[in-house]
Amino acid sequence: GACCSYRLRDALHPLWQSPLAIPGGTRQSPINIQWRDSVYDPFLKPLKIAYDPTTCLHIWNNGYSFLVEFDDSTDRSIIVGGPLKNQYRLKQFHFHWGAINDWGSEHTVDCKFYPAELHLVHWNAVEYPSFEEAVMEGNGLAVIGVFLKLGARHKGLQTLVDALPAVRHKDTVIEFDDFDPSCLIPSCPDYWTYAGSLTTPPLTESVTWIIKKKPIEVDEDQLEAFRTLLFTSDGEEERRMVDNFRPLQPLMNRTVRSSFR
Ligand SMILES: Cc1ccnc(S(N)(=O)=O)n1
Ligand SMILES: [Zn+2]
């Protein structure tokens, strides 16, 4: 494969006790995005993002990552356009990161890892009655991926970082409101898009991935704050929450499209 072994690593990977191969897994994520193999699609529209900060509910540590969840009972925080035929509702966002800055992202670009990757998870509330049902459908979910690179301090991210000590252990939660996650999305409109899957269980092949070409910059202290979280619950032997990314999966019969030349 382009830059690493595939399923064997996945099956043996401590974090994803997934079956050796996902039954009929033909569109698994993450993947390496080989820039020169991506195909410019002039029919791709700009992605429209309209989030209402008052839909923000809480932050919690679910034992895989920390996630910020939103009230998705109405269409107040949505995305539309891009490769999408419908509008999709924001459900939550979370991150994946490494123990050190040399790796941590789930997707790679020309086999380059970033130190972390943000996922904003949305579901197709036009066609499906709930997130749980949308998770099972090929066009059920749309996830925006944003790469994080080491650089200047990110003011919007700092609000999140300041709340992390309160969710250090698995299954801890704190109220978190009035946060607009669009401050975490680069203003550059360029993205890649491909048909893929969730990268943590249930690994269902229901995701239209929209990967932003431009990373956001965060500083060392902010990345280190992610690494102070724990996979373990209070009272258990501490295991630092790091390297919570899935190994790369084979592209198989897929084309990655770009919204830019
Ligand atoms: C909501 C959810 C579940 C599992 N995996 C993901 S991910 N990492 O593909 O965004 N999201
Ligand atoms: Zn994710």
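Quick note: structure is the one above.
Residues numbered from 1 in each chain as written. Chains lettered and ligands numbered in written order. Predicted model: local features only at pLDDT ≥ 70, side-chain atom pairs only at ≥ 80, totals over all residues. Heavy atoms only, no water.

Moving on to the state of the cysteines. In total, this model carries 0 disulfides according to the counting rule given. Of all cysteine sulfurs, the one in Cys183 lies closest to Cys56, which takes part in no disulfide; the gap is 11 Å. On the basis of relative accessible area, Cys56 is assigned to the buried category, the value being 4%. Judged by its relative accessible area of 34%, Cys183 is partly exposed. (Disulfide = S-S within 2.5 Å. Buried < 20%, exposed > 50% of the residue type's maximum accessible area, 1.4 Å probe, protein only.)

What follows is about the coordination of the zinc ion (ligand 2). Distances from the zinc ion (ligand 2) to its protein donors, namely His94 (NE2), His96 (NE2) and His119 (ND1), fall within the range 2.0 Å. Every donor counted, the 4 donor atoms about the zinc ion (ligand 2) form angles of 97 to 118° at the centre, which fits tetrahedral coordination. Summarised as a motif, the one-chain spacing of the donors to the zinc ion (ligand 2) is H-x1-H-x22-H. Each member of the pair His94 and His96 is classed as buried. (Donors = N, O, S within 2.8 Å, 3.2 Å for Na, K, Ca; no water. Tetrahedral: all angles 85-135°; square planar, octahedral: opposite > 155°, others 65-115°.)

Here we take up the nonpolar core. The biggest cluster of nonpolar side chains holds 43 residues, and the ones touching the most others in it are Phe66, Phe93, Phe95, Trp97, Leu120, Leu160 and Phe226. Breaking this core down by element, the ones donating at least two residues are β4 (56-61), β5 (66-70), β7 (88-97), β9 (116-123), β10 (141-150), α3 (155-161), β14 (216-218) and α4 (220-226). The dominant element in this core, judged by the number of residues it contributes, is β7, at 5 residues. If we skip the residues at most four places from it in the chain, Leu120 touches Tyr51, Leu90, Gln92, Phe93, Ala142, Val143, Ile144, Val146, Pro181 and Ile185. The next biggest cluster of nonpolar side chains, apart from the first, holds 21 residues, and it includes Val135, Trp192, Tyr194 and Val256. (Core = buried A, V, L, I, M, F, W, Y, C linked by side-chain atoms within 4.5 Å. Helix = DSSP H or I, 4+ residues; strand = E, 2+ residues; numbered from the N terminus. Contact = heavy atoms within 4.5 Å.)

Below, the discussion takes up the packing of aromatic side chains. Enumeration over the complete set of coordinates arrives at 14 aromatic pairs. Pairing Trp192 with Phe260 gives two aromatic rings, centres 5.6 Å apart and planes at 70°, and the pair type is edge-to-face. Pair noted here: Trp192 is in strand β12 (residues 191-196) and Phe260 is in the segment after β15 (257-258), with a separation of 68 residues, a long-range link. Given the relative accessible area of 1%, Trp192 is considered buried. (Phe/Tyr/Trp six-rings, centres within 6.5 Å; stacked < 30°, edge-to-face > 60°.)

Together, Ile100, Trp103 and Phe113 make up an exposed nonpolar region whose accessible area comes to about 240 Å². Looking at the secondary structure, you find Phe113 in the loop between β8 (108-109) and β9. (Patch = residues over 30% accessible without salt bridge, like charges linked within 9 Å, V, L, I, M, F, W, Y side chains within 5 Å. Areas by Shrake-Rupley, 256 points an atom, 1.4 Å probe, with all protein chains shown as cover. Salt bridge = Lys/Arg side-chain N within 4 Å of Asp/Glu carboxyl O.)

A word on the site of ligand 1. The environment of ligand 1 is made up of Gln92, His94, His96, Glu106, His119, Val121, Phe131, Leu198, Thr199, Thr200, Pro201 and Trp209. At 3.3 Å from a nitrogen atom of ligand 1 is found a side-chain nitrogen or oxygen belonging to His94. Here ligand 1 has 320 Å² of accessible area as a free molecule, and 90% of this is covered by the chains. Those elements that place two or more of their residues in the shell around ligand 1 are β7 and β9. Top element by residues in the shell around ligand 1 is β7. It accounts for 3 residues. Class assignment for the residues of the shell around ligand 1 results in 5 nonpolar, 6 polar and 1 charged. (Near = heavy atom within 4 Å. Polar contact = N/O pair within 3.5 Å; in protein donor to acceptor, adjacent residues only side chain to side chain. Nonpolar A, V, L, I, M, F, W, Y, C, P; charged D, E, K, R; others polar.)

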